[in-house]
Each structure stands twice: as C-alpha cells, then as structure tokens.
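# Coordinate analysis (summary)
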Amino acid sequence: MARPLSKLAKDWWDYTTLDPELLQDAAKLTVRQIERLSRPGFKIVMYDTLEEFYLAEALEYINAWRQSTADNPCGICGPIGPTEQLPLVARLVNELGLDVREGHFWGMDEWVDETTGQPVPIDHPLSFARADMELCFNRINPKLRMPKDHIRFPIGDLDAYSRSFDEIRCVVMQGGQGDIKHWAFNDPPKRQGKWKDEPPPPAEYRKLKTRITDLHPATVMQNARTSGGGQVHLVPTKAATVGPVETWKAEKVSIWHAGMHDNPFGMRLTTLMISKGIADSAVPMSLLAEHPNVQFNFYRPALAEVKTEMH
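These remarks concern the structure in this document. If you're wondering where the values come from, they're calculated on a predicted model, not measured in any experiment.

### Some words on the overall build of the protein chain
Of regular secondary structure, the protein chain possesses 11 helices and 10 strands. What you see for the protein chain is a C-alpha radius of gyration of 19 Å, in line with the 19 Å of a compact globule of 311 residues. Overall, the protein chain is about 60 × 45 × 40 Å in size when its C-alpha atoms are taken along their principal axes. Taking as baseline every contact in the protein chain between residues at least 6 positions apart, the subset at least 24 positions apart corresponds to 80%. When the accessible surface of the protein chain is summed, it comes to about 14200 Å², and 52% of that surface belongs to carbon and sulfur atoms. Computing the positive centroid from 36 side-chain charges and the negative centroid from 41, the protein chain places the two 2 Å apart.

Written out as structure tokens, the structure is:
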C-alpha cells in the first residue's frame, strides 16, 4: 500500500506518513510505560524539576571538557534549542575555577542566508553562533576559557568542520527534538525524484554529512514561534547542519526533552520508535535507533498526556 501524503506539506516526508497504528500506539503511552522503554543502547532518564534538568545538561559540557588534554583532545557538540543550559555552563566553570582551555566545542547548526547561500554571520539576529557566544563562551573567565579555534561552527569550510570529528573525540552530541522530529537540522527529505513514493532507507539517509539543507515548513514555523516572536518572514528556509555521519562518530547522543520544542505526542513517538528499533527517515530522530549509545532526557511534567481538548 502506498504511503499517504503528508498532512503538513504534501511535497515532503514526515511523521504524518507513518502507519496510523504506530501513531495510535505512541499516543496511548503513559509516562510509566515510557520509562520502561529503555533498552541496551537506549537509556531514558526523567527529571522532576527544570532546575535539575538543565543542570544535568550543563554538566555534560563540564564532564566532556574535563576529559580533554592536549594529547587527547575531546569535547561536546551542542544545540541551540534548548539554550537554558548555556549560562549554567559558564557559571559552573567560573564558580568552580575549572580550567577548560583544552576543551573543544562544536555548534551543531547555523542558518543560511537565502540571498548568499552561505551561513549567516554572527551578527545576524537569529545566529546560533552568536547565541552560543553570548550565552556561554563570552561569560567564561578568559583565563579559564578555551581558545577560539577550539570553538567550531558549521560556517565556512564545512568539510573541515566535518573532518574535525575525526581529529577530536566527540564525547557527547546533545540535541533537542523539533516538531518535525529532527536533531540538529536533519529534517525529513523532500518527496521528489527517486524518493517520491518511499522515503530513503535509513542507510541512505545516514550517508549525509555536514551540509546545507532545505528545511521542512514545520521547522520554519516552529523557529518563528520559539525564536522569532512569530515572525516567519525572518526565518531562513535553509540551514547548515551537522549530519548523521558526524553523529555516528559521537560516543553518545543525548537528547533533551523539556517540552518547549516538541509536544507530548511527538516525544512519545520517537521514544517508541527508537525503543522498538523502528528506523524511518520520514522521522529522522528515529534513525538513532541504530546508534549504539543514545539517552533521552525528559522533564517529566512536559510528557503530560495526549488527549483531545479545546483551547
């Protein structure tokens, strides 16, 4: 049976093209059932307060940087979305006097200017690099902070950015989950060419490296809501993003679900798919079912309940 057209954007693949029975199974999951979906290689962790949640996320930065030495360089790849952990990282480094000069950091994505076809400069109002610098790195005591060449963004030479994952050990790649079920900007593919009737197999999608990519319309809408005050016209439709190739070089993938960037149903769906080993490129996050070390971190109240109610 042919897969249905997307209910969100008919020229794209996305989770609305999945088997309705799978969608129904995800919607019915209770919080207790979600906790029990851990399996070898996929760990689920719950937090009852946002303070504990974001502190734990910040500590992943600290733990990665403390392992790094000149002879064994390593670091963390981090998202914008969420951002609440970033000031906490700087506060921990400064208050504890931690020397993180040997640490490394990768920003996982950046917007692309539609007129130039290049990642936006750091002075762009929505620049992810700008947010990382202002919320975290510029707040770290210069005597403790790593040099600028240890802080990498997918700007300029994307091949060099990609190669750095072979040169430096990525202890953990963090991420959030967007409405379209992506990590970084690994959005579902367009429904075109050889993938018009079926989305690409997971093995094919996993060949994608750091690149400039088109964004699903749902991603554009989401970022207007979460970062642009609803100003859709400000949000680019392309972005540079770390790819599955670099993600599979990370020792651990740690996804943080605070309930700000996806809803109770979406968080359930990808958890169920990864737990059951259901990898489908229409739901890019589900491909992490094939990564050997994935952790989903939930703010428990955000899981709430999937129900129909009018607002």
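### Observations regarding the pattern of salt bridges
Opposite charge on two side chains permits pairing when their charged atoms draw close. Inspection of every chain in the model, using the stated rule, returns 18 salt bridges. Close ionic contact of aspartate 11 with lysine 10 constitutes a salt bridge, the shortest N to O distance being 3.6 Å. Taking relative accessible area as the criterion, aspartate 11 reaches 47% and is therefore assigned partly exposed. Taking the relative accessible area as the measure of exposure, lysine 10 reaches 54% and is therefore exposed.

### Some details on the sheet that holds strand S8 (residues 238-241)
With antiparallel pairing, 3 strands are arranged side by side in an open sheet as S4-S8-S7. Either end of the sheet is taken by a strand with one partner, and the two such strands are strand S4 (109-111) and strand S7 (211-214). Direction aside, neighbouring strands of the sheet carry axes that sit 30° apart on average. Two elements, S7 and S8, share 4 bridges in a ladder whose sense is antiparallel. Bridged to aspartate 214 within S8 is lysine 238.

Rules of the game
- The residue count restarts for each chain, going from 1 along the sequence in the order it is written.
- At least 70 in pLDDT is required for a residue's local features to be given in this predicted model, at least 80 for side-chain atom pairs to be given and counted, and no such filter applies to totals for whole chains, interfaces and linings, which use all residues.
- Here the side-chain values reflect all heavy atoms present in the structure, with hydrogen atoms and water set aside.
- Each helix is a run of DSSP H or I of at least 4 residues and each strand a run of E of at least 2, with the numbering of both proceeding from the N terminus.
- Radius of gyration: C-alpha atoms only; globule rule: 2.2 Å multiplied by the number of residues to the exponent 0.38.
- We call two residues contacting when some pair of their heavy atoms lies within 4.5 Å.
- Here, Shrake-Rupley sampling with a 1.4 Å probe gives the accessible areas, and only protein chains in the shown set may cover a residue.
- Under the convention used here, Asp and Glu are negative, Lys and Arg are positive, and both His and the chain ends fall outside the count.
- For the purpose of locating charges, the reference atoms are NZ of Lys, CZ of Arg, CG of Asp and CD of Glu.
- Salt bridges are defined as contacts in which a side-chain nitrogen from Lys or Arg sits within 4 Å of a carboxyl oxygen from Asp or Glu.
- Relative accessible area decides the class of each residue, using a 1.4 Å probe on protein chains only: under 20% of the type maximum gives buried, over 50% gives exposed, and in between gives partly exposed.
- Two strands form a pair only when DSSP identifies at least two bridges running between them.
- Throughout, an axis means a line fitted to C-alpha atoms (over the contacting stretch in the case of helices), and angles, computed between N-to-C directions, take values from 0 to 180 degrees.

Everything listed here is a matter of geometry and, on its own, says nothing about what the molecule does.
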